[in-house]
Amino acid sequence: MRRREFVKLLPGIVVAWPLVARAQQGAPRLRIGVLGADAIVWNSWTVAFVARLRELGWITGDTIDVEYRWAGGSSKRVSDFTSEFLRRNVDVIVTYGAAAAVVQQATTTTPIVLAVASDPGVGLVAARSGSNVTGISIRQSELIGKRLDLLREVVPHLRRLVIMANAGYAMPMLEAQEAKATAQALGLEAARPEIWRSDDITPAFEAIRGKADALYVVSDPLIAANRTLITTLALSARLPTMLSYGDYVAAGGLMSYGPNFANLFRQAADMVDKILRGTKPSDIPVEQPSKFELVINVQTAKALGITVPEPLLAIAVQ
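None of these values were measured; they are calculated from a predicted model.

Trainee: Can you help me understand the environment of T46 in this one?
Mentor: Relative to the helices and strands, T46 resides in helix α2 (residues 39-55). Taking the C-alpha atoms as reference, T46 lies 7.7 Å from A262; in sequence the two are 216 residues apart. Those residues within four positions of T46 in sequence are excluded, and the remaining contacts are V34, Y68 and W70. There is a polar contact of 3.0 Å between the side chain of T46 and the backbone oxygen of N43.

Structure (structure tokens):
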């Protein structure tokens, strides 16, 4: 063990004792507040999160309680649920990037772990000294070019691209702007209809029917909550879709490229474990996904009359 690592460990051991002692001496269980976007979308991810905590020695109903709240893309609900967690004195809040600003405004002391966050605007890298926030940062800007390259392989006649994003949040709009710029640099026409609420989705599809060759969907809680509607309307409009992660593909989308979100939540569980044992969030390095995966729905490809190149099928999750 290097000297620097050893010196950093000593304060953690001292601070960790009260939390671990609480769990071991019959005191009230430690509390983890999970503030998510959508219960159905997050289900497999939270299962992975709790399973990893169990591997690390934290048993729900025994040494810890995990409480879940679902904001559904509403910043007001994020604020209300954060206030509730703080009143209940949770030991750590696990949430997502779009909720980060609201949660951070409510507390500068309760540890916050962002299990799903994009780089820009979440405050993970800036002002780390003394911060109560850590988490996993997805570099969406680095994924956009790869997604468009994959989409062009599957849809070689691609000339007109529609980029769908929630106009009510800064981060999805930033990705949408970068996707549009990248598409235009590749010589594609790129349109970006603005979606503010669920009721805007169907009219948006009516407006682009027959005017696009493919659809790039930027994920956020509003889009996630309407994933089945979006993939159904895209199939009806015969639009191949490029999506952020596999759950969208399971809902009927054509393909996705991104991190394995269950793995991200296992990484988040490792961070929560360190916090519960006394490490300060500011001493836990921000991490990035270690693995990305291509997911293809072969049934959707058949329905759209698309032949996916064999090299892509060989590396894709189906």
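The discussion continues.
Trainee: Even after reading the chapter, I still don't get the pairing of strand β9 (residues 214-217), so can you show me in this structure?
Mentor: A regular strand places its side chains on the two faces of the sheet in alternate fashion. Along β9, one buried face is formed by A214 and Y216 and the opposite face, lined by L215 and V217, is buried too. The sheet contact formed by strand β6 (residues 160-166) and β9 spans 4 bridges and is parallel. Pairing of M164 across the sheet is with V217, part of β9. Pairing analysis gives 2 bridges linking β9 to strand β10 (residues 241-243), with the strands arranged parallel. From the neighbouring strand, L215 faces β10, where its bridge partner is T241.

Trainee: Quick question: what am I supposed to make of the nonpolar core here?
Mentor: For soluble globular proteins, the rule of thumb is that nonpolar side chains tend to be buried together. Core analysis: the largest hydrophobic core is formed by 102 residues, its most contacted members being I32, F49, F205, L215, Y216, M255 and V272. The dominant element in this core, judged by the number of residues it contributes, is helix α11 (residues 261-276), at 9 residues. Setting aside chain neighbours within four positions, we find V272 in contact with I32, F49, L53, V92, V94 and V113.

Trainee: For this particular structure, what's the right way to read helix α4 (residues 97-106)?
Mentor: Owing to its 3.6 residues per turn, the α-helix aligns residues three or four sequence positions apart on the same side. Within α4, burial applies to G97, A99, A100 and V103. Angularly, the buried residues of α4 cover 125 degrees about the axis, an arc narrow enough to put them on a single face. Of the surrounding elements, those touching the buried residues of α4 are β1 (30-36), α3 (75-87), β3 (92-96), β4 (112-118) and α6 (170-185).

Trainee: Just checking my understanding: could you explain the pairing of strand β5 (residues 133-138) for this structure?
Mentor: Summarising burial for β5: 6 of the 6 residues are buried, a large majority. For β4 and β5, the ladder comprises 5 bridges, and the chain directions are parallel. Counterpart to L114 in the pairing with β5 is G135.

Trainee: For this particular structure, what's the right way to read empty space enclosed by the protein?
Mentor: Rolled over the atoms, a probe sized like a water molecule indicates the empty space that remains. Applying the stated criterion across every chain, the model contains 1 cavity of 30 Å³ or more. As for the largest cavity, its lining consists of N260, N263, L264, Q267, P289, S290 and K291. Grouping the constituent residues of the lining of the largest cavity by class yields 2 nonpolar, 4 polar and 1 charged.

Trainee: When you look at the packing of α2 against α11 in this model, what are you seeing that I'm missing?
Mentor: Helices that pack against each other are described as a pair by the angle of their axes relative to one another and the distance between those axes. Contact pair α2 / α11: the axes reach a minimum separation of 8 Å and the direction vectors enclose 40 degrees. With respect to α11, the axis of α2 lies oblique. Crossing geometry of α2 relative to α11 is assigned as right-handed. In this structure, α2 contributes W42, W45, A48, F49, R52, L53 and E55 to the contact, and α11 contributes F261, A262, F265, R266, A268, A269, D270 and V272. The residue makeup of the contact of α2 with α11, split by class, is 11 nonpolar, no polar and 4 charged.

Calculation notes
- The residue numbers shown here count from 1 along each chain, following its written sequence.
- In view of the model being predicted, local features appear only for residues whose pLDDT reaches at least 70, and side-chain atom pairs are presented and counted only at 80 or more, with totals across whole chains, interfaces and linings using the full set of residues.
- The side-chain numbers reported here are obtained from all heavy atoms of the structure, hydrogens and water having been left aside.
- Numbered from the N terminus, helices here are DSSP runs of H or I no shorter than four residues, and strands are runs of E no shorter than two.
- Whether two residues are in contact is decided by their heavy atoms, any of which lying within 4.5 Å being enough.
- What qualifies as a polar contact is a pair of N or O atoms within 3.5 Å, subject to a donor-acceptor requirement within protein and to the restriction that residues adjacent in sequence count only when both atoms come from side chains.
- A 1.4 Å probe rolled over the protein chains alone gives each residue an accessible area, and that area as a share of the maximum for its type sets the label: buried under 20%, exposed over 50%, partly exposed in between.
- Strands qualify as paired when DSSP identifies two bridges or more between them.
- For this analysis, a nonpolar core means a set of buried residues of the types Ala, Val, Leu, Ile, Met, Phe, Trp, Tyr and Cys, connected via side-chain atoms within 4.5 Å.
- Starting at the helix axis, one direction is taken to each C-beta atom, and the arc is that of these directions.
- Buriedness of a pocket was judged along seven lines, with at least five required to meet protein on both sides within 12 Å; pockets are open sets of points on a 1 Å grid over the protein atoms alone, cavities are sets where a 1.4 Å probe fits but cannot get out, and lining residues have an atom within 4 Å of a point.
- Grid points are joined across faces, edges and corners, and a volume is the space filled by probe spheres set on the points.
- Each residue gets one of three labels, nonpolar for Ala, Val, Leu, Ile, Met, Phe, Trp, Tyr, Cys and Pro, charged for Asp, Glu, Lys and Arg, and polar for the others, Gly among them.
- Angular values range over 0 to 180 degrees, each being the angle between N-to-C directions of two axes fitted as lines to C-alpha atoms, with helices fitted over their stretch in contact.
- Working rule for angles: under 35 degrees goes down as roughly parallel, over 145 as roughly antiparallel, 65 to 115 as roughly perpendicular, anything else as oblique.
- Two helices crossing with the near one rotated counterclockwise from the far one by less than a right angle form a left-handed crossing, whereas a clockwise rotation gives a right-handed crossing.

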